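Spelled out from the first residue to the last, the chains are:
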Amino acid sequence: MGLEINTAKKTSIKLSSKVPQGKLSDKWTTHKSRIRLVSPANKRNIDIIVVGTGLAGGSAAATLAELGYNVKAFCFQDSARRAHSIAAQGGINAAKNYVGDGDSVYRLFYDTIKGGDYRSREANVYRLAEVSSNIIDQCVAQGVPFARDYGGLLDNRSFGGVQVSRTFYAKGQTGQQLQLGCYSALNRQIARGKVKMYSRHEMMDLVLINGKARGIIARDLVTGQLQRHGAHAVVIASGGYGNVFYLSTNAMGSNVSAGWKIYKKGAFFANPCFTQIHPTCIPVSGTYQSKLTLMSESLRNDGRIWVPKSIQDAKMIRENQLAPTDVPEEQRDYFLERRYPAFGNLVPRDVASRAAKERCDAGYGVNITGDAVFLDFHSAIKRYGKEQAHLTGLDETNPEIYMDLGRKVIKSKYGNLFQMYEKIVDQNPYYTPMKIYPAVHYTMGGVWVDYNLMTTIDGCFCIGEANFSDHGANRLGASALMQGLADGYFVLPYTIGDYLADDIRTGPISTDTKEFEEAEDQIKTQIDRFIKQKGSKSVDYFHKTLGRIIWDFCGMSRNEKGLKGAVQKIRNLREDFYKNVSVPGTSEQYNEELAKACRVADFLELGELMAIDALNRTESCGGHFREESQTKQGEALRDDENFMYVAAWEHTGDLQNPLLHKEELKFQEIEVKSRSYK
Amino acid sequence: MKIKLKIWRQEDSKSKGRFVRYALDSITPEMSFLEMLDVLNEQLISSGDIPVAFDHDCREGICGTCSLFINGRAHGPDRLVTTCQLHMRRFNDGDTIVIEPFRSKAFPVIKDLVVDRSSFDRIQQSGGYISINTSGNTQDANAIAIPKADADRSFEAATCIGCGACVAACKNASAMLFVSAKVSQYALLPQGKVEAKNRVKNMVAQMDLEGFGNCSNTGACEIECPKGISLENIARMNREYLFG
């Protein structure tokens, strides 16, 4: 049924990772000093398009403009500041070792590789760890108000999967503060006239001229007008594709379209099945639900995850006959602490999520749907409270006094998260444990890029969550912000120069060519089709149905039968979509349904590739758990002999038959071990 | 729950708008306010009508995209939440809810409940930044110790999400709370002090140019601000402006 994996006979020359020679720790420095530069006088004759204004795109656009290039930046949001990086909560990692707990560039590198289950490219990850410190310096200089201690220096906390405290934070809204930092840098360049900002614009396609990326077609979401924009290089920084699941922690508008359009123009798409299900989100409560809300991983520093030991207690809790606070200590199963004593509640996200699913599937879930576990702060409130009582000379034995003090400490650390939880769930987590369940949060897979962050299309670069490069099969907490800013501030602005050095005599790119015309016509045809077809089902219907298929068969655990069925279901759904979708209104006006239809059309294609990729990878690694590949204890079983590679898929013109290319992963300075957090 | 709605519909920036009534009868208290509007839009689409346009994105109260003037209040009846964090349990069965866009000369309507807030971007572009390049050649992040109290106050000011509720709530459509939050964030940090005088001058000038009104100290902005940005910031901005 067309489900044989189509594997390339020999390694494509396009798939050269271009990792420089030499010692791992010297590669980036050497590379930077050897690649070609573009002189300031020539930079002003070169145009670059950046799609997306989150941490990666915003920082790249600002930095490229500072360097002297002419930048056009695009975002679909009404302001560059609102890109979804803004919603990141917990923090950003950097190997500063301010705490003095033995952290180093090597350790950050090692933790990231191990956390990614040895499925990321060693040299890229080392570079990420190397530039991490600089990010913090840069952000402080920009006026990002990180948390500080009483001595006035920066404070750190710890995150999952590591044994040091290297996470910098700004309460529970580190993402917003970093995002506003790069937005301010972007604004400065807009004011200088070096960046032209196009908000409420969506990239509709990439335009290639003689095999090189030379511009995009954009759609003004307010007027519906299609526009041609030429440039010498195009940078895609459009974020992850988690919204393929419909329900996720992503913003409603987050989409895969920019990445998908370039895939269909020749960029390889890598490891699409590597998606991250975050363990601590507010559980689903009904079918009308549009969105899932993350409760930051930082909460696992102080919250303990449990379900009742007795299945009877779990049932009574679900039926509201037993309050969780009335379950005695010895009747609670702190299952992460039980299974993983070394890391306890701070195991990486994939491990924590699967453990929660295992308990719920076994019947121990604690909310009405049976899909929830507790995240309990009682122990932490007590511990902090006693500490405070002792320090201030109050009665350490009086629970009323110390619990009150403890709640104040918890409030100072997580106040906004607790408030957010209370508003959504209508329960007070200072007094009763939170209920949480895993939800889709991040996608490690994405557009394949080489060491220079260039895709397999010349002149088309891809940065941040949109690319595949640094997190392997699982991302550690507080590393997404680090990667976005590393790519945008410190990597791409150097590496893009090497490519553009050939373009100093090219002159402006004309959009008055047949390539632009063809691309524009194609989009017009698709849009007209949506508008003219008076179907009977809404775009959301298709999106929700797709999301359910992917969640059920390509979510936290996957098997061959389910995946094969999913591929077929997605194909049928796609057919139905093109026959029966209803898009009201016209194309020459603000039309959110039309914008959504264009995005869902791409998700319907991506979903199939995800399932095919998951089908191909018969091992379990990181966020990808194949039921056929597990140990007797139910832990993920990796297969290094057969799968130590990046699966890079090439579009062949036939969506059902993508071509698999393999980038073999070689580890020079790290010993590949089985990943244990026991 | 049964809910009646009175919603502002306006085809585009040039058309005249009007209120249109709708009725919904399958609303549950756990739904968010925006999910209630999703339900309405599903109904409109299935009956061949044009859905109501409204701005929203993160739906967790941080991106600042959602707006809405609900029963005469920016972001609805609750304090310290955005519209996307408002839930239907806050309303009663049979209630009529009036929904309008954020109204201000500087926020023209694009369609229905969607407004153009790019004036906020232009104010930021006029000086809401620290002029350093992103070269990475800055000094170590811990080279300057910043008193925790200052860092915390700077952070509090920086929590502004730029939604525009302050403008919508103000009878003068003043943007003073928004601008002063940005001015304060930087003025409280040693890194931001260098340009503080020019910054406040330029940002205030742009604010006036955009057509925002003046502050007459009613404090409505502080009450309606979903992030609880304090009026103190306006006082600080005035001080910075006068001494600048």
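Just so it is clear, the model here is predicted, and its values are computed rather than measured.

This next bit is on the overall build of chain A. Looking only at helices and strands, chain A features 18 helices and 20 strands. For 678 residues, the compact-globule formula gives about 26 Å, and the C-alpha radius of gyration of chain A, at 25 Å, lands near that figure. A principal-axis box enclosing the C-alpha atoms of chain A has dimensions of 80 × 55 × 50 Å. Within chain A, buried positions represent 60% of all 678 residues. Summarising the internal contacts of chain A: among those between residues at least 6 apart in sequence, 74% fall at separations of at least 24.

The next point concerns the overall build of chain B. If you tally the helices and strands in chain B, you get nine helices and seven strands. Seen through its principal axes, chain B has C-alpha atoms that stretch 60 × 35 × 35 Å. A total of 244 residues make up chain B; the buried ones form 53% of that total. Across chain B, contacts joining residues at least 24 apart in sequence account for 69% of those joining residues at least 6 apart.

Turning our eyes to something else, we now look at the interface of chain B and chain A. Taken residue by residue, the interface counts 67 residues in chain B and 67 residues in chain A. Elements with a minimum of two residues in the side of chain B that touches chain A: helix H1 (33-46), strand E6 (109-111), helix H2 (118-125), helix H3 (148-158), helix H5 (176-187) and helix H6 (190-193) of chain B. The greatest single-element share of the side of chain B that touches chain A, amounting to seven residues, is contributed by H1(B). Looking at the side of chain B that touches chain A residue by residue, the classes come out as 26 nonpolar, 25 polar and 16 charged.

Moving on: helix H15 (residues 539-553) of chain A. Residues and elements named next belong to chain A. If you check H15, its first and last C-alpha atoms are 22 Å apart, about what 15 residues at 1.5 Å a residue would give, namely 21 Å. Residues of H15 that are buried: Val539, Tyr541, Phe542, His543, Leu546, Gly547, Ile549, Ile550 and Phe553. Contacts made by the buried residues of H15 are with helix H16 (560-580) and helix H17 (592-616).

It is worth spelling out helix H11 (residues 378-392) of chain A at this point. In an α-helix, one full turn covers 3.6 residues, which means residues spaced three or four apart are oriented alike. Residues and elements named next belong to chain A. Taking 1.5 Å of rise per residue, the 15 residues of H11 would be expected to cover 21 Å, and the 21 Å separating its terminal C-alpha atoms lies within 8% of that figure. Those residues of H11 that fall on the buried side of the exposure criterion are Ala380, Ile381, Tyr384, Gly385 and Ala389. For H11, the arc enclosing every buried residue in end-on projection is 155 degrees, short of the 170-degree limit, so these residues lie on one face. Each element contacted by the buried residues of H11 is listed here: helix H12 (399-425). Once H11 finishes, Gly393 follows within two positions and takes phi at roughly 75 degrees, a positive value.

Residues and elements named next belong to chain B. Domain assignment breaks chain B into domain 1 (3-110) and domain 2 (117-132 + 143-243). Taken over C-alpha atoms, the centre of domain 1 sits 28 Å from the centre of domain 2. With 18 residues of domain 1 in contact, the opposing surface of domain 2 contributes 17 residues. Here the residues of the side of domain 1 that touches domain 2 are counted per class, giving nine nonpolar, six polar and three charged.

Hydrogen bonds between backbone groups are what pair the strands of a sheet, and the pairing can be parallel or antiparallel. All names here are of chain B. Overall, mixed pairing links the five strands, which are arranged E2-E1-E5-E3-E4 in an open sheet. Two strands close off the open sheet at either side, each with one partner strand: strand E2 (18-24) and strand E4 (73-74). Packed on one face of the sheet, H1 meets strand E1 (3-9) and E2 and runs near 90 degrees to E2.

Here we take up the environment of Gly152(A). Looking at where Gly152(A) falls in the secondary structure, it is placed in the loop between helix H5 (122-141) and strand E5 (167-168). Looking at Gly152(A), the number of C-beta atoms within 10 Å reads 15, which means it is partly exposed. If we skip the residues at most four places from it in the chain, Gly152(A) touches Ala145(B), Ile146(B), Pro147(B) and Lys148(B).

Moving on, we get to the environment of Thr112(A). Residues and elements named next belong to chain A. Mapped onto the fold, Thr112 is located in helix H4 (residues 105-115). By the C-beta count within 10 Å, which is 28 here, Thr112 ends up buried. Expressed as a C-alpha distance, the spacing of Thr112 and Asp470, which sit 358 residues apart in the sequence, is 8.1 Å. Discounting residues that sit within four places of it in the chain, Thr112 has contacts with Val125, Leu128, Ala129, Asp470, Leu476 and Ser479.

All names here are of chain A. Relative to the helices and strands, Cys460 resides in strand E18 (residues 460-462). In sequence terms Cys460 and Val235 are 225 residues apart; their C-alpha atoms lie 5.8 Å from each other. Among residues more than four places away in sequence, those in contact with Cys460 are Leu206, Ala213, Val234, Ile236, Ile262, Ala267 and Thr455.

In this section: the domain arrangement of chain A. Residue and element names in this part refer to chain A. As far as domains go, chain A holds domain 1 (280-440) and domain 2 (514-637). Domain 1 and domain 2 are separated by 34 Å when their C-alpha centres are compared. In this assembly, six residues from domain 1 lie in contact with five residues from domain 2. The element contributing the most residues to the side of domain 1 that touches domain 2 is helix H10 (residues 349-364), with five residues.

Another aspect to go through is the packing of H5(B) against helix H7 (residues 196-209) of chain B. All names here are of chain B. Where H5 contacts H7, the two axes come as close as 10 Å, and the packing angle between them is 170 degrees. Judged by the inter-axis angle, H5 sits roughly antiparallel to H7. Along its contact with H5, which presents Val179, Lys182, Val183, Tyr186 and Ala187, the element H7 presents Ala196, Arg199, Val200, Met203, Val204 and Met207. Its residues assigned to classes, the contact of H5 with H7 shows nine nonpolar, no polar and two charged.

Residue and element names in this part refer to chain A. When you tally the buried positions in strand E19 (residues 645-650), you get five out of six residues, the bulk of the element. Both strand E11 (residues 269-270) and E19 contribute to a ladder of two bridges, which runs antiparallel. Following the sheet pairing, Phe269 is matched in E19 by Trp649. Here E19 runs beside strand E20 (residues 659-664); their pairing, made up of six bridges, is antiparallel. Across the sheet, Ala648 pairs through a bridge with His661, a residue of E20.

Before going further, it helps to examine the sheet that holds strand E14 (residues 332-333) of chain A. All names here are of chain A. With antiparallel pairing, the five strands of this open sheet are ordered in space as E12-E16-E15-E13-E14. Strands at the two margins of the open sheet, each flanked by one partner only, are strand E12 (275-281) and E14. Summarising the sheet, E12 and strand E16 (residues 434-443) pair through five bridges and their orientation is antiparallel. Among the inter-strand pairings, Thr275 is bridged to a residue of E16, identified as Thr443.

Quick look at the nonpolar core now. Side chains that are nonpolar tend, in soluble globular proteins, to be buried together. Residue and element names in this part refer to chain A. Ranked by internal contacts, the top residues of the largest apolar core, which has 290 residues, are Ala73, Val235, Ile236, Val373, Val447, Phe461 and Ala611. The dominant element in this core, judged by the number of residues it contributes, is H17, at 13 residues. Once you skip the residues sitting within four places of it in the chain, Val235 turns out to touch Ile48, Ile49, Val50, Val51, Ala60, Phe461, Ile463 and Leu492.

Bringing the packing of H3(B) against H5(B) into the picture now. Residues and elements named next belong to chain B. As a packed pair, H3 and H5 sit with axes 8 Å apart at the nearest point and diverge in direction by 155 degrees. Classed by the angle they form, the pair H3 and H5 counts as roughly antiparallel. Seen from above, H3 lies across H5 with left-handed handedness. Listed contacts from H5 to Ser154, Ala157 and Ala158 of H3 are Ala181, Ser184 and Gln185.

On to unusual backbone geometry. In this structure, Asn320(A) takes a positive phi of about 65 degrees despite not being glycine. Topologically, Asn320(A) is positioned in the loop between helix H8 (311-318) and E14. For Leu80(B), which is not a glycine, the phi torsion comes out positive at approximately 60 degrees. Position of Leu80(B) relative to the elements: it lies in the loop between E4 and strand E5 (96-100).

Residues and elements named next belong to chain B. The buried count for E2 comes to zero of seven residues, which makes it a mostly uncovered element. The pairing of E1 with E2 spans seven bridges and is classified as antiparallel. If you follow Trp8 over to E2, its bridge partner there is Phe19.

Turning our attention to the confidence of the model for chain B. Put simply, chain B has an average pLDDT of 96, and 100% of its residues get 70 or more. Here the prediction assigns the complex a pTM of 0.97, and the interface score ipTM is 0.98.

Scoring rules and cut-offs
Residues numbered from 1 in each chain as written. Chains lettered and ligands numbered in written order. Predicted model: local features only at pLDDT ≥ 70, side-chain atom pairs only at ≥ 80, totals over all residues. Helix = DSSP H or I, 4+ residues; strand = E, 2+ residues; numbered from the N terminus. Rg over C-alpha atoms; globule rule 2.2 N^0.38 Å. Buried ≥ 20, exposed ≤ 12 C-beta atoms within 10 Å, placed from the backbone. Contact = placed C-beta atoms within 7 Å. Nonpolar A, V, L, I, M, F, W, Y, C, P; charged D, E, K, R; others polar. Expected span 1.5 Å × (residues − 1). Arc of directions from axis to C-beta. Domains from an automatic or database assignment. Pairing = 2+ DSSP bridges. Axes fitted to C-alpha atoms, helices over the stretch in contact; angles between N-to-C directions. Parallel < 35°, antiparallel > 145°, perpendicular 65-115°, else oblique. Core = buried A, V, L, I, M, F, W, Y, C linked by C-beta atoms within 7 Å. Left-handed = near helix turned anticlockwise from the far one by under 90°. pLDDT = per-residue confidence, 0-100.

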